[in-house]
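# Fold and geometry: a report
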Amino acid sequence: MASEASTLTSRAAKPECITALADGAALCLSGMGPLAARRAAKMLAEAGASALAVFGVAGALNPQMRNGTLFCPQHVLDEEGHRYTADPDWRTSLQGPFALPIQTEGSLLSVAAPLLTEAAKTAAHQHCGALAVDMESAAVAAVAQEHGLPFLVLRAIVDESSDAIPAALNGSVDAWGRPRMLNLVTALCRHPSLWGELPRLYSRMQKATQALRALAAATGPGLGWHR
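I will try to describe carefully the structure that is included in this document. (Residues numbered from 1 in each chain as written. Predicted model: local features only at pLDDT ≥ 70, side-chain atom pairs only at ≥ 80, totals over all residues. Heavy atoms only, no water.)

### Details of helix α5 (residues 137–147)
Basically, it comes down to this: Each residue gets one of three labels from its accessible area relative to the maximum for its type: buried under 20%, exposed over 50%, partly exposed in between, using a 1.4 Å probe on protein chains only. Secondary structure elements are taken from DSSP: a helix is a run of H or I of four residues or more, a strand is a run of E of two residues or more, and numbering for both begins at the N terminus.
The buried fraction of α5 is high, at 8 of 11 residues. The first or second residue beyond α5 is Gly-148, which carries a positive phi of 65°.

### A word on the sheet that holds strand β8 (residues 107–110)
Going by this rule: DSSP-based pairing: two strands are paired if at least 2 bridges between them are found.
Spatial ordering of the open sheet is given by β6-β5-β8-β9-β3-β10-β4-β7, a layout of 8 strands whose pairing is mixed. Looking at strand neighbours, the two that pair on one side only are β6 (83–85) and β7 (102–103), the edges of this open sheet. By the bridge criterion, 3 bridges tie β8 to strand β9 (residues 132–134) in an arrangement that is parallel. Bridging across to β9, Leu-108 finds its partner in Ala-132.

### Some points on the nonpolar core
We count it as follows: We define a nonpolar core as any set of buried Ala, Val, Leu, Ile, Met, Phe, Trp, Tyr and Cys residues linked to one another through side-chain atoms lying within 4.5 Å. In what follows, a contact means two residues having at least one pair of non-hydrogen atoms within 4.5 Å.
Membership of the largest hydrophobic core comes to 29 residues, with the highest contact counts inside it found for Leu-52, Val-76, Tyr-84, Leu-108 and Phe-151. Elements represented by at least two residues in this core include exactly α2 (34–46), β3 (52–60), α5 and β10 (151–157). Examining the composition of this core, we find that 7 residues originate from one element, α5, more than from any other. With residues up to four places along the chain from it excluded, the contact list for Leu-52 reads Ala-41, Leu-44, Ala-45, Trp-90, Val-140, Val-143, Ala-144, Leu-149, Pro-150, Phe-151 and Leu-152.

### Quick word on α2
Where we set the bar: Working rule for helices: expected span equals 1.5 Å times residues minus one. To be clear, the arc concerns the directions from the helix axis to the C-beta atoms.
Taking 1.5 Å as the rise per residue, α2 with 13 residues should run 18 Å; its terminal C-alpha atoms sit 18 Å apart, in good agreement. Among all positions in α2, only Ala-36, Ala-37, Ala-40, Ala-41, Leu-44 and Ala-45 are buried. For α2, the angular spread of buried residues about the axis comes to 165°, placing them on one side. Looking at α2, the residues exposed on the side facing more than 90 degrees away from the buried face are Leu-35 and Glu-46. Contacts from the buried residues of α2 go to β1 (18–20), β2 (26–28), β3 and α5. A positive phi of about 105° marks Gly-48, the residue just after α2.

Here it is, written out as structure tokens:
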């Protein structure tokens, strides 16, 4: 999403375009979902990327994964049973020198549709044991595997396992996380109780993006990749 990209660079990243960063790194703002992530990953791979990374926010499946926690999973799982292993040397390089607490053990689950309720998150955690969930990492990992590239996932937890995301609000943003104002106003008019959810959701996102910004400042735009 655009808010995630802004933590990595002050440059305005155009959707589905490659934006050059410092130190030879590059960013592709994919938008949400596995198909968008796959397109972006292929663009980067075909442009000559030597490694692929997913950078942004995720939802918690384990109650111990709190809002703002940084997560660099060992494995990425998808709903079809595929399992992808993140580059171990790259992961290890993040554990010491940057003085930031990063959870580097455990798996992340990638799904095709968001898990909006506590019950859905609990069921997913019980089924596969993953600590967190997103919609893009497995697609990027698959492209990395196809092209023989190392990959890494760096996520900050935004919604905790007990947080519910109102479906009406979830449908009020576009694929890049920008408000669809007509949808948002309609949702708030139909469900006035949603006004009370906005401060909580905003606070959760602010804490997650602050963690991402600190991580990007510590590692640089290449996210610690030196090979």
